[in-house]
Amino acid sequence: MAQTKFDKQLEEGLEQGVMVFGRFVSGAPLDGEPRGPGSLPRWGIALVRLVFLAWAGWAAWMWWWVKDHDRVIWVSIIAAVVAVPVVVVGAIRGRGRRQHMRALVIPMSLALKELLSGWDDQQRLRALTVPIDRSFVAVRLPDGWHDPGGFKDQMRELVQDRMGGLWSGEWNLKNHPFNVVFTPQKPRPKLEPPETVDFFSDEVQKAIAACEPGQLVLGLDERQRPVVKAMTGETAMWALSVGSGGGKSSFLQMIITQLVRQRATVIGIDVKMASINCFEGVEGVHLYTDPGNIGDMRSAISWVAREVEARNYVKKGNPRKDFDRLTLILEEGNEFGDASKEWWNENKEKGEPASDPIWGDIASIMRMGRHVNVTIIGVFQDLREAAVGSRGLRNMFRMILMGNYNANQWKMIVNTTPVPESVDRAGRMMIIEGNRRVWIQVPYADPDAFREHSMGLRTEFGYSTEDLYGAPPGRSPQRLPSLLQKSTPLFQRDTTLERQAVPAGQDGDAEQSPPVNMVKDAPVEPGSSDGSVPVDEAVAEVELLPLAEISRRLAVEGIEVSAELMRQHKRRRKNFPAGHVVNDKELFALADLAEYYQPDEPVPAEQDGQDDSEQEADDE
């Protein structure tokens, strides 16, 4: 029997009705379009629809068959009162979920288009699961999915960009359904060195005892482990660029104590007179800490340079010769550089270079010293190139310790980004050795404890001057600052004040090793080839000074005469007091020049010039 048009329409209508009913009870969209983001899950929609369908069937039966209209009305009212708050709460909670979907889930699903190219937009959206608390990201993968090359890393980077932080993925490509679940990595706890470290703790002392010659313990690192560095080879020269209060003094005291244990000779230059004075009297530790005698400091540096020269000569003849360590410590390098430059400008002779030559000696030590076990530790508040004589020496400090620094100092010295945050704590320093960097906390102890321990180490391990080919220069008597000097007659000063200006333990040193600029007050014999002064034991010792220092001292006594004028008189006048050559420098006695420049009446400058002309005519 042929099928009529009505039969076809009836069949199609029944199919559509069954399809709509199936979508209705299953929770699927009735129009077949995908659900909007943030809507109820499919099972929730199906439950609501079935409840509504059950209520509609019950109400129709009660209304048409039982005829109990009042009961239907009351039940409907009660159901509405209960349903309305539930719907409102659901809508409010759904608003946050919809915002989450629109702001994060949907854009992320679109970004997965290249990585999951086999699926359309709706399939990728359904495959992506991101809870509203963002605790994980799950991505269901197509059947048979494999990494064609780098897709895993790209998907992880995508999740990290969208979610922030570091994420790790757990891939399931063996069991169906394939998927990957990304979870945030737990941040590693920030490790820091201890706040304080006791130098005499068992841990530090055990590490020091285990050090080989040339190795020194610098502190404890972020894992509470001792950091040991060798003052040999490429890292023989160290520099500190540490701001005020950064623990430079404690560092130097700790290093000197370890050097004493290794039988080293230490030359300490400290214009601040505070960091290393506690080692006064320790054998083999020679300190030059009087800012009024910059010449002594320069002589000590020059002596170290001559020792390097001598050791290299010996090493050439005996390549296997090992020398005891000789270490020069230059504390407050910035202040020393300024004071040394000023000293040179005041004392240099005509025709000598304008630049301070002491940095040439330091450069020689740095270039030639490590081969013969001579090293330098330079301490600066700001390690500028100008602070080391502008000779390119800054790059020769192959190991640098920085502390309490600012961003400009970091960029000038290390010149890398980002700039590590400085820790404003005494003794907290960063060791920079090439590309390796580590934070440490410097061990601390009382200065008197360092000195007492060093004295005991000298007794235990001994000390020898066998590898020294000369003696370190002596120190001049410490001069009282001008504000502490009493107004007394010339050359009759109260020696009590001068003794008070000398630190404890320095008087004995002066008796054993007289300063280099103290000679017998005797005339120079004619015909002496080297300009030396014959010693007459009956003549009292006098202090010999450069003309610039004599000019300052005479000014205190009310005699105004410049050092330049003295040099002119020395060249032009035959009756100018004779000088004495000490260490290739011509020095003069203060009493001689004071008597020479103490006339009964002051001489005008013009008349003095005339006298000079007359004296030159007499000489001719």
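Just above sits the structure.
Residues numbered from 1 in each chain as written. Predicted model: local features only at pLDDT ≥ 70, side-chain atom pairs only at ≥ 80, totals over all residues. Heavy atoms only, no water.

Here the focus is the side chain of Glu331. Looking at where Glu331 falls in the secondary structure, it is placed in strand β10 (residues 326–331). The exposure class assigned to Glu331 is buried, which follows from its relative accessible area of 0%. (Helix = DSSP H or I, 4+ residues; strand = E, 2+ residues; numbered from the N terminus. Buried < 20%, exposed > 50% of the residue type's maximum accessible area, 1.4 Å probe, protein only.)

With the rule as written, the count across this model stands at ten aromatic pairs. When the ring of Phe200 is compared with that of Phe450, the centres are 6.4 Å apart and the planes differ by 35°; the resulting orientation is tilted. Remark: Phe450 occurs in helix α12 (residues 447–461) and Phe200 occurs in the loop between β4 (179–184) and α6 (202–209); sequence separation between them is 250 residues. Using a relative accessible area of 0% as the deciding quantity, one classes Phe450 as buried. Ring centres of Phe336 and Trp359 lie 6.4 Å apart, and the angle between their planes is 70°; this geometry places the pair in the edge-to-face category. Taken together, the residues Phe336 in helix α9 (residues 333–347) and Trp359 in helix α10 (residues 358–368) connect sequence positions 23 residues apart. An identical accessibility class is assigned to Phe336 and Trp359; each is buried. (Phe/Tyr/Trp six-rings, centres within 6.5 Å; stacked < 30°, edge-to-face > 60°.)

On to helix α15 (residues 547–556). Across the ten residues that make up α15, a large majority, seven, are buried. Inspection of α15 places Leu547, Ala548, Glu549, Ile550, Ser551, Arg553 and Leu554 among the buried residues, and these make up the whole buried set. Within two residues after α15, Gly558 carries a phi angle of roughly 90°, on the positive side.

Time to look at empty space enclosed by the protein. Summed over the entire model, instances satisfying the criterion amount to two cavities of 30 Å³ or more. Lining the largest cavity are Leu328, Leu330, Trp359, Ile362, Met366, Ile376, Gly378, Phe380, Val388, Leu393 and Phe397. Listed by contribution, the elements that provide at least two residues to the lining of the largest cavity are β10, α10 and β11 (374–380). Of the residues assigned to the lining of the largest cavity, the class counts are ten nonpolar, one polar and no charged. The computed volume of the second largest cavity comes to approximately 30 Å³. Lining the second largest cavity are Thr265, Arg311, Asp324, Arg325, Leu326, Ser464, Asp467 and Leu468. For the lining of the second largest cavity, a count of residues per class yields two nonpolar, two polar and four charged. (1 Å grid on protein atoms, 1.4 Å probe; cavity = no way out; pocket = protein on both sides within 12 Å on 5 of 7 lines; lining within 4 Å. Points joined across faces, edges and corners; volume = space filled by probe spheres on them. Nonpolar A, V, L, I, M, F, W, Y, C, P; charged D, E, K, R; others polar.)

Another point: the side chain of Lys315. Tracing the chain through its elements places Lys315 in helix α8 (residues 294–317). This buried residue, Lys315, is left without a salt bridge; Asp322 holds the nearest opposite charge, at 4.3 Å. Here the side chain of Lys315 touches Pro319 through a polar contact of 3.0 Å, landing on its backbone oxygen. Beyond its immediate chain neighbours, meaning those up to four positions away, Lys315 contacts Arg320, Lys321, Asp322, Phe323, His371 and Val372. (Lys, Arg positive; Asp, Glu negative; His and termini not counted. Salt bridge = Lys/Arg side-chain N within 4 Å of Asp/Glu carboxyl O. Polar contact = N/O pair within 3.5 Å; in protein donor to acceptor, adjacent residues only side chain to side chain. Contact = heavy atoms within 4.5 Å.)

In terms of burial, β11 is largely enclosed, as seven of its seven residues are buried. Here β11 shows a buried face lined by Val374, Ile376, Gly378 and Phe380 and a second buried face lined by Thr375, Ile377 and Val379. Here strand β7 (residues 238–242) pairs with β11 via four bridges, running parallel. Residue pairing for β11: Ser241 is matched across the bridge by Phe380. Across five bridges, β10 lies against β11 in parallel orientation. Counterpart to Leu328 in the pairing with β11 is Ile376. (Pairing = 2+ DSSP bridges.)

A word on the packing of α8 against α10. In contact at an axis separation of 9 Å, α8 and α10 are set at 35° when each is read in the N-to-C sense. Taken as a pair, α8 and α10 cross one another with a handedness that is left-handed. Across from Arg298, Ile301, Ser302, Val304, Ala305, Arg306, Val308 and Asn312 in α8, the residues of α10 making contact are Ile358, Asp361, Ile362, Ser364, Ile365 and Met368. When its residues are assigned to classes, the contact of α8 with α10 shows eight nonpolar, three polar and three charged. (Axes fitted to C-alpha atoms, helices over the stretch in contact; angles between N-to-C directions. Left-handed = near helix turned anticlockwise from the far one by under 90°.)

Taken together, the side chains of Trp61, Trp63, Trp64, Trp65, Val66, Ile73, Trp74, Ile77 and Val81 define a hydrophobic patch exposed on the protein surface, amounting to about 1,100 Å² of accessible area. If you list the elements that add at least two residues to the nonpolar patch, you get α2 (42–66) and α3 (69–111). Here the nonpolar patch takes five residues from α2, the largest share from any one element. Positionally, Trp65 belongs in helix α2. With a relative accessible area of 69%, Trp65 lands in the exposed category. (Patch = residues over 30% accessible without salt bridge, like charges linked within 9 Å, V, L, I, M, F, W, Y side chains within 5 Å. Areas by Shrake-Rupley, 256 points an atom, 1.4 Å probe, with all protein chains shown as cover.)

Ordered by their spatial adjacency, four strands build an open sheet running β1-β2-β4-β3, and the pairing between neighbours is antiparallel. Where the open sheet ends on each side, the last strands, each with one partner, are β1 (128–129) and β3 (167–172). Inspection of the sheet shows β3 paired to β4 by six bridges, in the antiparallel sense. Note that in β4 the partner of Asn172 across the bridge is Asn179. Packed onto the sheet, helix α5 (residues 151–163) meets β2 (137–140), β3 and β4 and runs at close to 135° relative to β3.

Moving on, we get to α12. Every α-helix carries 3.6 residues per turn, so stepping three or four residues along brings you back to the same face. With 15 residues, α12 extends 21 Å between its outermost C-alpha atoms, agreeing within 8% with the 21 Å of an ideal straight helix rising 1.5 Å per residue. Every buried residue of α12 is accounted for by Phe450, Ser454, Leu457 and Arg458. Along the long axis of α12, the arc covered by the buried residues comes to 100°, so they all point the same way. For α12, the exposed residues set more than 90 degrees away from the buried face come down to Asp448, Glu452, Thr459 and Glu460. In this structure, the buried side of α12 is in contact with α7 (248–261) and β9 (285–288). (Expected span 1.5 Å × (residues − 1). Arc of directions from axis to C-beta.)

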